[in-house]
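Here is how the chains run, residue by residue.
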Amino acid sequence: MGIGEFKRLLAEKHVFWNVDPSKIDSLPNAALIEYTLSNADWPEWKILFSLFPFVEIKSIWLARLAADSFQYKNNYILVSHFFDIANPGEFLKTFIANNSRLEKLKHLASEHTESN
C-alpha cells in the first residue's frame, strides 16, 4: 500500500474528521502520522509503521501526542507494542507530568520572571 492509498483508507474511516476533504491528498507526512496515531487504530498503525521510518513516527509522537493525557489509551498501546518501552504506565505518567502544557507555562513564566 502506498501513501496515497493509505490516505484514502483513512479518509473512509473518518480519521481526518476536521480536515477539508479536498486537502487530504496534500497533507504533509507529519500531519498524516499525527492523525493516524491519534484517530486511527491497530490495523492502521501497522500500515503506518510499514510506510514510514520508526524514528520519524516516534519523534512526531513524542513532540505532538505523548504528553496529551486525552490520548492516554492510544499512547499506552503505542508505548507497549510499537515503541517497546518498559513500564508503559510509569513512562507515560512521568512524561505527561514533565511535558504537560501547564509545566511548559510554568517554565516560561519562571524564565520571564528571572529575566526581569
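Residues numbered from 1 in each chain as written. Predicted model: local features only at pLDDT ≥ 70, side-chain atom pairs only at ≥ 80, totals over all residues. Heavy atoms only, no water.

> An account of the overall build of the protein chain is requested, with residue identities and associated values reported.
Helices and strands together make up the secondary structure of the protein chain, namely seven helices and zero strands. The 116 residues of the protein chain split such that 34% are buried. Per element, the accessible surface of the protein chain, about 7,400 Å² overall, is 55% carbon and sulfur. (Helix = DSSP H or I, 4+ residues; strand = E, 2+ residues; numbered from the N terminus. Buried < 20%, exposed > 50% of the residue type's maximum accessible area, 1.4 Å probe, protein only. Areas by Shrake-Rupley, 256 points an atom, 1.4 Å probe, with all protein chains shown as cover.)

> I'd like a rundown of helix α3 (residues 42–51), residues and numbers included.
For α3, every residue scored as buried is listed here: Glu-44, Trp-45, Ile-47, Leu-48 and Phe-49. Of the surrounding elements, those touching the buried residues of α3 are α1 (3–12), α2 (29–39), α4 (54–64) and α5 (72–82). (Contact = heavy atoms within 4.5 Å.)

> Could you give an account of the nonpolar core, with specific residues and numbers?
Counting 30 residues, the largest nonpolar core has Phe-16, Leu-37, Ile-57, Trp-61 and Leu-78 as the members making the most contacts within it. Of all the secondary structure elements, the ones that give two or more residues to this core are α1, α2, α3, α4, α5 and α6 (88–99). Top contributing element to this core by residue count: α2, with five residues. Each residue touching Phe-16, except ones within four places of it in the same chain, is listed here: Lys-7, Leu-10, Ala-11, Ile-24, Leu-27, Leu-32 and Tyr-35. (Core = buried A, V, L, I, M, F, W, Y, C linked by side-chain atoms within 4.5 Å.)

> Kindly report on the pattern of salt bridges, identifying the contributing residues and their values.
Within this structure, the stated rule accounts for two salt bridges. In this structure, Lys-13 engages Glu-44 in a salt bridge whose closest nitrogen and oxygen atoms are separated by 3.2 Å. In this pair, Lys-13 is assigned in the loop between α1 and α2 and Glu-44 in helix α3, connecting sequence segments 31 residues apart. With relative accessibility at 47%, the residue Lys-13 sits in the partly exposed group. Take Glu-44: its relative accessible area is 6%, and that puts it in the buried class. Across the pair Arg-64 and Glu-34 runs a salt bridge whose closest N-O atoms are separated by 2.9 Å. One end of the pair, Arg-64, is in helix α4; the other, Glu-34, is in helix α2, and 30 residues separate them in sequence. Taking the relative accessible area as the measure of exposure, Arg-64 reaches 42% and is therefore partly exposed. (Salt bridge = Lys/Arg side-chain N within 4 Å of Asp/Glu carboxyl O.)

> So, unusual backbone geometry: which residues are in play, and what are the values?
In the Ramachandran plot, His-14 falls in the positive-phi region, its phi being about 60° despite a non-glycine side chain. Checked against the element boundaries, His-14 lands in the loop between α1 and α2. A positive phi is found at Asp-84, a non-glycine position, where the angle reads about 50°.

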